[in-house]
Amino acid sequence: MNDLIPLVNKLQDVFNTIGSESIDLPQIVVVGSQSSGKSSVLETIVQRDFLPRGNGVVTRRPLVLQLVNTHTGISSMDETSAKNADYAEFLHLPHKQFLDFDEVRKEIESETARVAGQNKAISRTPIHLKIFSKNVLNLTLVDLPGVTKIPVGDQPTDIEKQTRNLILDYIHKPNSVILAVSPANVDLANSDSLKLARQVDPQAKRTIGVLTKLDLMDAGTNALDVLSGRAYPLKLGFVGVVNRSQADIQSNKPMADAFKSETVFFENHPAYRAIAHRCGTTFLAKTLNTILMNHIRDKLPDIKAKLNSLIGQTQQELSSYGDPTFTGKAHRGSMILQLLTRFASDFVAAIDGTSAEISTKELCGGARIYYIFNNIFGSALDSVNPCENLTNQDIRIAIRNSTGPRPSLFVPEIAFELLVKPQIKLLEPPSLRCVELAYEELVKICHTCGRKDLARFPRFHAKLIEVVSDLLRERLGPTSDYVESLIAIQRSYINTNHPDFIGGGGAMSQLERTSQRKKPEVDRTRRVSTVNMTLNGPSSSPVEAGEKSLTNAVSSLSVHPAEKSRERESSTHLHPSSNGITTNGAHSGPNAPNKDMFLNYFFGAQSQRSGGRSSHPENRPAGLSQDVAKEMIMPKTVLDGESLAHDRRHDHMTESDEVSHPIEREDMETQLIRSLITSYFNITRKSIQDLVPKAVMHLLVNFSRESVQTRLVASLYKEELFDDMLQEDDSLSAERAKCKAMLDVFKNAFSIINDAM
């Protein structure tokens, strides 16, 4: 049991040396308000004057004080010094021993000013002090700054908050025993130390109270209720002490005389006489020693389990840094091959989805490539409009240009091919973007492979990434070229015999069904127009009547008598007007076939085109018929008295007006072309959506996946590159050394605890 406290002190020294606070070691934390007597209690326990004194906040850094009894403790001094004198050692001065405790006080002051500054600020960095003496019991105490209320002088404005946070950081640890120091001449209800202790230890299981300044209480009052546990019960109880007064300190009253004065006070006081054996600094030191040993004994199994866990974690961390002995000249080649193979395996596993480190936050690797093919690329193709940037005007002009000077009985196929090829070209940008996204994902996979294994060799890792990136870049060009050729192949031959192509007959049937649905509305509009013309007919002027007679004369002269009879028959049977009246005045009746009316727009012999206009008078605009009649009978210059330049301008305006106001047949032709383009474009889009991912997988993904290891070995397995590639990172070497030191410490501590148990 007596070896437990030195054992914890040794563990604490080791952990502080490597700067680790992984283990919460049992220790006694001294808490109290400013000028409550904390420093006097500690000096009385140590029986030495070694702590700084003064006004305001004197203790501005935590002081970890380890008391080692020289009869049972371990001393680093020679045997002669250990027998003749007490001495102290600081952790930041490991090879220097202090025999004069005034020098210890000065070193504490200078070390505090070095870290915390001169402006009375506090610091969390502790000072570690070890005192060896035959007059002390084995203890580990932590002296913290006293709780202050109001900043004085050049103290920070939030000095109270800083102090409280620092104290709470220490006492909230479950393995800490709280030594709450309170002055007896102040009401216990105002004790800051007990208030802080209750916040972290509400059941008061690990708090021991100390009442100071019992000799300064008002006459007729005592703290017997507090010391007996009736006023404020604590599981570890209260201990009363009487410290040296300020006059005794200034007069350098010996510690032995102070102990005698304290014993006399308790034995002669009428209220404390019965409990004198449970009061005083000597009893407090023994109690703290017993409490700390019992606390260590209770917490030792947990400390052992924690150490066992830390050993496993540290070994795993150390293995991730690699073994430096394996980097010798005899093992360099095998190590290079091992790292190359592991990097290539990680690259392939990331693509196949078999990696051991699969992310649960985002899509990556092969899953991301699948998402690119099916979501991003598919959505991009679906968003392309088959007739994008293709207006009705463009379609009509293409139809007319494809026929040349000849009129057409059918919709020309040349116009369809002329229009559909640029639309197929619209599929090329999203296809090439699909290739780029797949390439970018492969590059991302390359950068995430082998991070832990190759972290110690940054140059080697950079070389690996460079080689794989070059391989991917080499495959990007052929893949993009092949995808472009897929689009060019689709544009090179327009296969109108494709089984899924709607064809001319299907398109006309579809348009016929559409026209059937729209026919009632069109008939109603035309009937209203006919009624309006009938109502407005008598108001026609003589000039209009004369022009109308000229138009009829021109129409009768411009048609051959034989053709006239055939046209009359065709008009009677194939070209009924919208209001049910034929061109020869006979009614077609309600049972006239609608299909004949539809086919008449494309195959009617009477509706011959001349520059996009029907030769029949009723199918021409009224103004245009009048102009033609006038021109045939008499030149415009004679009729209107205008110049020939004006005639040319008028002719140009008439042609433009004709293009911008198409007749109904041209509308039907435009809709037919749009249906054919949409049908063939959808077929091509479906084919491209299937072929592009296959091309990317074959030419880019699978090729890189299968040849990555071969390329790495061919490019990097060269003996002249070994020295450069196997240079370790300096920071990583330092981390490995630190990790190895921690592992040795944990193993040593575990063995010590295991032997003690």
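Structure: see above.
These notes cover the structure that comes with them.

Procedures and definitions
- Residues numbered from 1 in each chain as written.
- Predicted model: local features only at pLDDT ≥ 70, side-chain atom pairs only at ≥ 80, totals over all residues.
- Heavy atoms only, no water.
- Helix = DSSP H or I, 4+ residues; strand = E, 2+ residues; numbered from the N terminus.
- Contact = heavy atoms within 4.5 Å.
- Phe/Tyr/Trp six-rings, centres within 6.5 Å; stacked < 30°, edge-to-face > 60°.
- Buried < 20%, exposed > 50% of the residue type's maximum accessible area, 1.4 Å probe, protein only.
- Salt bridge = Lys/Arg side-chain N within 4 Å of Asp/Glu carboxyl O.
- Axes fitted to C-alpha atoms, helices over the stretch in contact; angles between N-to-C directions.
- Parallel < 35°, antiparallel > 145°, perpendicular 65-115°, else oblique.
- Left-handed = near helix turned anticlockwise from the far one by under 90°.
- Nonpolar A, V, L, I, M, F, W, Y, C, P; charged D, E, K, R; others polar.
- Pairing = 2+ DSSP bridges.
- Core = buried A, V, L, I, M, F, W, Y, C linked by side-chain atoms within 4.5 Å.

### Overview of the overall build of the protein chain
- If you tally the helices and strands in the protein chain, you get 26 helices and eleven strands.
- Across the protein chain, every contact between residues at least 6 apart in sequence was considered, and the portion connecting residues at least 24 apart equals 80%.

### So, the packing of aromatic side chains
- If you walk through the whole model with that rule in mind, you get nine aromatic pairs.
- The interplanar angle of 15 degrees and the centroid separation of 4.6 Å between the aromatic rings of Tyr 87 and Phe 132 together place this pair among those described as stacked. Placement of the pair is Tyr 87 in strand β3 (residues 87–90) and Phe 132 in strand β5 (residues 127–133), with a sequence separation of 45 residues. Residues Tyr 87 and Phe 132 agree in their burial class; the two are buried.
- Geometrically, the ring pair formed by Phe 265 and Tyr 272 is tilted, given 6.2 Å between the ring centres and 45 degrees between the ring planes. Taken as a pair, Phe 265 and Tyr 272 share a single burial class, namely buried.
- One aromatic cluster is present, formed by Phe 265, Phe 266 and Tyr 272 through successive ring pairs.

### Quick notes on the pattern of salt bridges
- Following the criterion strictly, the structure yields 21 salt bridges and no others.
- With a closest N to O distance of 3.4 Å, Asp 86 and Arg 48 form a salt bridge. Here Asp 86, found in the loop between α3 (79–84) and β3, pairs with Arg 48, found in the loop between α2 (38–46) and β2 (63–69); they are 38 residues apart in sequence, far enough to count as distant.
- Look at Asp 86 and you get buried, because its relative accessible area is 9%.
- Of the charged contacts in the structure, one is a salt bridge between Glu 440 and Arg 433, with a shortest N-O distance of 3.7 Å.
- Given a relative accessible area of 41%, Glu 440 falls into the partly exposed group.
- Linked through salt bridges whose partners overlap, the residues forming this network are Glu 43, Asp 49 and Arg 244.

### Brief notes about the packing of helix α15 (residues 428–448) against helix α16 (residues 458–492)
- At a closest axis distance of 10 Å, the pairing of α15 and α16 adopts a crossing angle of 165 degrees. The angle between α15 and α16 falls in the class roughly antiparallel. The two elements α15 and α16 meet at a crossing, and its hand is right-handed. Residues Glu 428, Ser 431, Leu 432, Val 435, Tyr 439, Leu 442, Val 443, Cys 446 and His 447 of α15 form the contact with α16, whose own contacting residues are His 461, Ile 465, Val 468, Ser 469, Leu 472, Arg 473, Leu 476, Thr 479, Ser 480, Val 483, Glu 484 and Ile 487.
- Taken together, the residues of the contact of α15 with α16 sort by class into twelve nonpolar, six polar and three charged.

### Comments concerning α2
- Judged by how many residues are buried, α2 sits mostly within the fold: nine of nine residues are covered.
- Listed as buried for α2 are Lys 38, Ser 39, Ser 40, Val 41, Leu 42, Glu 43, Thr 44, Ile 45 and Val 46.
- Count one or two residues on from α2 and you reach Gln 47, which has phi positive near 65 degrees.

### Here's the deal with the environment of Glu 111
- With respect to the helices and strands, Glu 111 occurs in helix α4 (residues 101–116).
- For Glu 111, a relative accessible area of 7% puts it in the buried group.
- For Glu 111 and His 92, which are 19 residues apart along the polypeptide, the C-alpha to C-alpha distance reads 9.4 Å.
- With residues near it in sequence (within four places) discarded, Glu 111 still touches Arg 61, His 92 and Ile 127.

### Examining the packing of helix α14 (residues 413–425) against α16
- The contact between α14 and α16 brings their axes to 9 Å, and the two run at 170 degrees. Relative to α16, the element α14 is oriented roughly antiparallel. Residue-level inspection shows Lys 421, Ile 424 and Lys 425 of α14 in contact with α16, the latter providing Ile 487, Gln 490 and Arg 491.
- Taken together, the residues of the contact of α14 with α16 sort by class into two nonpolar, one polar and three charged.

### What to know about the sheet that holds strand β6 (residues 139–143)
- Overall, mixed pairing links the nine strands, which are arranged β4-β3-β5-β2-β6-β1-β7-β8-β9 in an open sheet. Both edges of this open sheet fall to β4 (93–98) and β9 (238–240), since each of them pairs with a single strand only. Sheet twist, expressed as the mean angle between neighbouring strand axes with direction ignored, is 25 degrees.
- Of the strand pairs in this sheet, β3 and β5 are connected by four bridges, and their pairing is antiparallel. For Phe 90, the partnering residue across the bridge sits in β5 and is Leu 129.
- Sitting on the sheet, helix α5 (residues 159–171) is in contact with β1 (27–32), β6 and β7 (176–183), with an inclination near 155 degrees to β1.
- Relative to the sheet, helix α10 (residues 281–321) contacts β1, β6, β7, β8 (207–212) and β9, its axis offset from that of β6 by approximately 105 degrees.

### Re the nonpolar core
- By size, the foremost hydrophobic cluster in this structure holds 72 residues, and its most contacted members are Phe 347, Phe 416, Leu 442, Phe 460 and Leu 712.
- Where this core is concerned, the elements lending two or more residues are α11 (332–352), α12 (366–382), α13 (392–403), α14, α15, α16, α24 (664–716) and α25 (719–725).
- Those residues within four positions of Leu 712 in sequence are excluded, and the remaining contacts are Leu 340, Phe 343, Ala 344, Leu 464, Val 467, Val 468 and Tyr 717.
- Leu 7, Leu 67, Phe 98 and Tyr 321 belong to the second largest nonpolar core, which has 59 residues in total.

No statement about biological role is implied by the geometric values presented.
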